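Analysis of the macromolecular model
The chain contents come next:
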Amino acid sequence: MRTDILNFEFSTRSTRDIGIVEPVLCYLEMKYSLNIKRFCCRGNFPEIIRKHNPKMVILANGIGTKYTVEIVKYCYYKGIKVVTFISEGDCVDMKENVEILFWGNNTERIFYENLNLQWSQKNIDYIRKYIDPEKKYNLKLSGGTGFDRYKFLPLLDKKVFLKKYNLEKYSEVIGLGGFPFYFFLSDMYKKDGQFVNMHLDPDACIAMAESKEPLRLIYKKIIINNPDKLFILKYHPMELYKELSEFHELEELPNTISFVKEERIEDIINVSDLWISFESTTCLEAWLLGKQTFLINPERSDFPRSKIADGSPVFKTFEDSQKAIDTYFSSGNIPEFQALESKREFIIKNAIDSSDGKNHIRAADFIKEVFDSPQTSAPVDKEGFVNKIVKEYKARYFKKSIRKNLPFLKLIPAFSHPYLADRMENLEYNSADRQKFYTTYREALKKFYSAENIHVN
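Below: a short report on this structure. Please read these numbers as outputs of a predicted model, since none were measured by experiment.

What counts and what doesn't
Residues numbered from 1 in each chain as written. Predicted model: local features only at pLDDT ≥ 70, side-chain atom pairs only at ≥ 80, totals over all residues. Heavy atoms only, no water. Pairing = 2+ DSSP bridges. Helix = DSSP H or I, 4+ residues; strand = E, 2+ residues; numbered from the N terminus. Axes fitted to C-alpha atoms, helices over the stretch in contact; angles between N-to-C directions. Contact = heavy atoms within 4.5 Å. Buried < 20%, exposed > 50% of the residue type's maximum accessible area, 1.4 Å probe, protein only. Polar contact = N/O pair within 3.5 Å; in protein donor to acceptor, adjacent residues only side chain to side chain. Core = buried A, V, L, I, M, F, W, Y, C linked by side-chain atoms within 4.5 Å. Salt bridge = Lys/Arg side-chain N within 4 Å of Asp/Glu carboxyl O. Expected span 1.5 Å × (residues − 1). Arc of directions from axis to C-beta. Right-handed = clockwise from strand over helix to strand, strands pointing away. Parallel < 35°, antiparallel > 145°, perpendicular 65-115°, else oblique. Left-handed = near helix turned anticlockwise from the far one by under 90°. Phe/Tyr/Trp six-rings, centres within 6.5 Å; stacked < 30°, edge-to-face > 60°. Lys NZ or Arg CZ within 6 Å of the ring centre and 35° of its normal.

1. Some details on the sheet that holds strand β4 (residues 81-84)
The strand order across the open sheet formed by 6 strands is β2-β1-β3-β4-β5-β6, and the pairing between neighbours is parallel. The outermost strands of the open sheet, each flanked by one partner alone, are β2 (36-40) and β6 (139-141). Taken pair by pair, the neighbouring strands of this sheet meet at an average axis angle of 25 degrees, ignoring direction. One ladder, built from 4 bridges, connects strand β3 (residues 56-59) with β4; its direction is parallel. In the sheet register, V57 faces β4, and the bridge partner there is V82. Sheet contacts for helix α1 (residues 15-32): β1 (5-9), β2 and β3; angle to β2, the most-contacted strand, approximately 160 degrees.

2. Some words on the side chain of N61
The topology assignment puts N61 in the loop between β3 and α3 (66-78). Overall, N61 belongs to the buried group, its relative accessible area being 11%. One polar contact links the side chain of N61 to the main-chain amide nitrogen of G64, over a distance of 3.0 Å. Engagement of the side chain of N61 in a polar contact is seen with the side chain of S87, the distance being 3.1 Å. Every residue in contact with N61, bar those within four places of it in the chain, is listed here: D17, T68, F85 and S87.

3. Observations regarding the side chain of N297
Inspection of the secondary structure assignment puts N297 in the loop between β13 (292-296) and β14 (314-315). Its relative accessible area of 1% is what places N297 among the buried residues. Setting aside anything within four residues of it in sequence, one finds N297 in contact with F278, F303, R305, V314, F315 and K316.

4. Some words on the nonpolar core
Counting residues in hydrophobic clusters, the biggest one holds 77 residues, and the most contacted among them are F161, L176, I276, L284 and F294. Ranked by the residues each element gives to this core, the list is headed by helix α9 (residues 202-225), at 9 residues. If we ignore the near neighbours within four places in the chain, the residues touching L176 are Y219, I223, F231, I232, L233, K234, F247, W275 and I276. One finds I361, Y441, F448 and Y449 within the second-largest nonpolar core, a separate group that totals 36 residues.

5. Things to note about the pairing of strand β10 (residues 229-234)
By the criterion of burial, β10 is predominantly enclosed, with 6 of the 6 residues buried. Along β10, one buried face is formed by K229, F231 and L233 and the opposite face, lined by L230, I232 and K234, is buried too. In terms of strand pairing, strand β7 (residues 172-177) meets β10 through 6 bridges, oriented parallel. What sits directly across from L176, in β10, is L233.

6. Details of the pattern of salt bridges
For the structure shown, the criterion picks out 32 salt bridges. Salt bridges sharing common partners tie together E22, E29, R38, R434 and R442.

7. Re helix α12 (residues 318-331)
Across its 14 residues, α12 extends 20 Å between first and last C-alpha, which sits within 8% of the 20 Å expected from 1.5 Å per residue. For α12, the complete set of buried residues consists of F318, S321, Q322, A324, I325 and Y328. Buried residues of α12, viewed axially, fall in a sector of 155 degrees; they line one side. More than 90 degrees from the buried face of α12, the exposed residues found are K323 and S330. With its phi angle positive at about 90 degrees, G332 sits one or two positions after the end of α12.

8. Here's the deal with the pairing of β13
Burial analysis of β13 places 5 of its 5 residues in the buried class, which makes it a mostly covered element. In β13, alternate side chains face the same way, and those of Q292, F294 and I296 on one face and T293 and L295 on the other are all buried. The pairing of strand β12 (residues 274-277) with β13 spans 4 bridges and is classified as parallel. In the sheet register, I276 faces β13, and the bridge partner there is F294. The β-α-β motif built from β12, the intervening helix α11 (residues 282-288) and the parallel element β13 has right-handed crossover chirality. Judged from the 2 bridges that link them, β13 and β14 form a sheet pairing that is parallel. For I296, the partnering residue across the bridge sits in β14 and is F315.

9. What to know about the packing of α1 against helix α18 (residues 431-451)
In contact at an axis separation of 9 Å, α1 and α18 are set at 55 degrees when each is read in the N-to-C sense. Classed by the angle they form, the pair α1 and α18 counts as oblique. Crossing angle aside, the handedness with which α1 passes α18 is right-handed. Residues T15, I18, G19, V21, E22, P23, L25, C26, Y27, E29 and M30 of α1 touch α18, and the partners they reach there are R434, F437, Y438, Y441, R442, L445, K446 and Y449.

10. Observations concerning the packing of aromatic side chains
Inspection of the entire model under this criterion finds 28 aromatic pairs. Seen from their ring centres, F102 and F111 are 6.1 Å apart, and the 5 degrees between their planes marks the pair as stacked. Accessibility classification places F102 together with F111 in one group, the buried group. In textbook terms, an aromatic cluster arises when at least three aromatic residues are bridged by ring pairs, as seen for Y27, Y32, F152, Y441, F448 and Y449. Looking at K229, its charged tip hangs above the ring of F329, at a distance of 4.9 Å from the centre. It is K368 that lies over the ring of Y32; its NZ or CZ is 4.9 Å from the centre.

Right, dumping it as structure tokens:
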């Protein structure tokens, strides 16, 4: 039987991208009885596509890695329909920011997909303004599908979490959402000491770099000053240099526990009573779970940033931050947070369009329209991209097979390919984990649809 849709994702350890696509895929299966298969985007995708002969390929993010860019382009030349979403979906009104979030690793800046689904009308307007004024690209507003899970997914209970990590002596939990300071502190985005490939001006980059250490010291003082409370240090999911983060050495304090991708972000937020960050879209996720939030910006807070920041009060000092913590745990509310309630309603609409849990349904209906549309003939592959990719992946997986059966050959450079490190593949994508996510989402969605009187098969 022909596979209707193939889905390729990079990681199952972080549920961000899985959370974006899985409710959509489940709805397509349950509502329209489509046959869908799920694979790792770092597998031998040309062979997977040849074997399953899909009518369509779906990716949570078509521009996030070189692998996903290759998949989208390959499908284009094979005449296979492609639908992509956006993972980092809260654009700001800056050309550089919109270009980075829309094109990512697609260095050719060619729109190969049949449909791209966006979080908000604001995003679409910015894309039309800076990238596609002639409206050639098929963009649709689905809303932030990844945020739907806060309406239907069962979440980890705080008592269960504390027992899991032998931390039952704590009853009050504060979550600290990490920021990728390594963007500004490492040499990754610098050339000759100057910032490059950033959508911020150099002064803003310097201001953010200089904020890390004062923030770290405030966090340290807060943690030490509240020994009866557990602090969850949630590193940014793409953290590469822990020594450059605001949590450096804070893991050594006795009332902390840290995670990068080991626990789902929604579970970490759910078990936290209060959520604090320097700058993070996780604040919006915290609001969806009824959590109060505030930001700590010890230096400046006037740098270009998401409108999500406007929904949380901003404190500069340890004293103000500690006062907010004390007020929250004594009264259940932070007055400065309560004062921003109407702003948060606007921000949620502006950022993800809807928090009703049904963005994935709107996305699925748009996808079904494309799926049912007439198939067009594949364009001429003048550059021979398809043959090149097929040969490249055959070579990669021949080497992988050899290395698996003859491990000592890993010491020979010709058989040691950076894209195929077994350790990394096992770390990032696990088919058993993906199956668990599928089962969990499907069962949770059945209950949600029943409660919302949404008919599926």
